[in-house]
Amino acid sequence: MPALSGPLRQYAAAGALEGCAAGCYVQPMNVRSYARALAVGLLVSALGGCGGDADASAGATFSAEPQQVLTSDQGRLHIEIRSAPHPAVRGVNRFRLYLTDPAGAPADGLAIAVQPWMPAHGHGTSVVPQTMALGPGQYEIDQVYFYMAGDWQLRMTFSAAETDSAAPSFDIR
Ligand SMILES: [Cu+2]
C-alpha cells in the first residue's frame, strides 16, 4: 500500500477510506436483498388468499384463532378478538369481534362505539374507528389507528336494550 500524505493520510487514519470501501460494497447487496424481500413479501401476500380470511386490499389477514378472549364488564357478552394484521401494529389496524351472549348465542343488533386509548398518556386518537356488523355475532372495526408504540386499549361500548363495555389492551411496538 503506497504511503499516504497530507489530508488524505489523516482521512485514512480516521477510518473514512475503509468506511467508504465497505459502504460501496454493501450498498448494492442491500438493494438486492431488499428487492428479494419485497418480491417474497408480494408472493406471500398473493398466497394469503388461501388463508380464508384474507383481504388483499389491506394486505393483512386475521388469525385463525382469537388473539384475545374476554368477558364484557357487565358480563353480558363473551368477546373474541382478532386483528389484521396480527399482532396489531403501530399504524392502522382492523379488528374483528365475535360476540356471544352468556347462553352462547351470537349477539346481533348491537351498536358498538370504539375509542383507541393510551392509558399511560391519557390520550386517544383523532381518527374515529368505523364499525359494521357482519353477522351472525360478528362485527368489524376499521381504522383503528395506534399511532405510537406502547400499551393501547380498545375501549368499546356495546349498546342494545342495555349497554355494556370492554377495554382489551394491546402492546404496540
Ligand atoms: Cu401515547
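These numbers were taken from a predicted model, which means no experiment stands behind them.

Some remarks on the overall build of the chain
Link 1 in the chain: Of the regular secondary structure elements, the chain holds two helices and 11 strands.
Link 2 in the chain: Order of helices (α) and strands (β) in the chain, N terminus to C terminus: α-α-β-β-β-β-β-β-β-β-β-β-β.
Link 3 in the chain: Per-residue burial over the chain gives 18% buried out of 173 residues.

Comments concerning the environment of Met 132
Link 1 in the chain: Residue placement: Met 132 occurs in strand β7 (residues 130–133).
Link 2 in the chain: A residue is classified by how many C-beta atoms lie within 10 Å of it, and Met 132, with 11 of them, is exposed.
Link 3 in the chain: Sequence separation of Met 132 and Ile 112 is 20 residues, and the distance between their C-alpha atoms is 8.4 Å.
Link 4 in the chain: The contacts of Met 132, once residues within four sequence positions are left out, are Tyr 139 and Glu 140.

Re the sheet that holds strand β8 (residues 138–146)
Link 1 in the chain: In space, the five strands of this open sheet follow the order β3-β4-β5-β8-β7, with antiparallel pairing throughout. Looking along the sheet, the strands with just one partner apiece sit at the ends: β3 (68–71) and β7. Within the sheet, the average angular offset between the axes of one strand and its neighbour, ignoring direction, is 25°.
Link 2 in the chain: Note: strand β5 (residues 91–100) against β8, seven bridges, orientation antiparallel. Counterpart to Asn 93 in the pairing with β8 is Val 144.

A look at unusual backbone geometry
Excluding glycine, residues mostly have negative phi values, and the peptide bonds linking residues are mostly trans.
Link 1 in the chain: Cis peptide bonds are those with omega within 30 degrees of zero, and the linkage from His 86 to Pro 87 qualifies with -5°.
Link 2 in the chain: Relative to the elements of secondary structure, Pro 87 occurs in the loop between β4 (78–84) and β5.
Link 3 in the chain: Residue Gly 135 is joined to Pro 136 through a cis peptide bond whose omega torsion reads -20°.
Link 4 in the chain: Assignment of secondary structure puts Pro 136 in the loop between β7 and β8.
Link 5 in the chain: Not every positive phi belongs to a glycine, and Gln 143 is a case in point at roughly 60°.
Link 6 in the chain: Mapped onto the elements, Gln 143 comes out in strand β8.

Reading guide: rules and limits
Residues numbered from 1 in each chain as written. Predicted model: local features only at pLDDT ≥ 70, side-chain atom pairs only at ≥ 80, totals over all residues. Helix = DSSP H or I, 4+ residues; strand = E, 2+ residues; numbered from the N terminus. Buried ≥ 20, exposed ≤ 12 C-beta atoms within 10 Å, placed from the backbone. Contact = placed C-beta atoms within 7 Å. Pairing = 2+ DSSP bridges. Axes fitted to C-alpha atoms, helices over the stretch in contact; angles between N-to-C directions.

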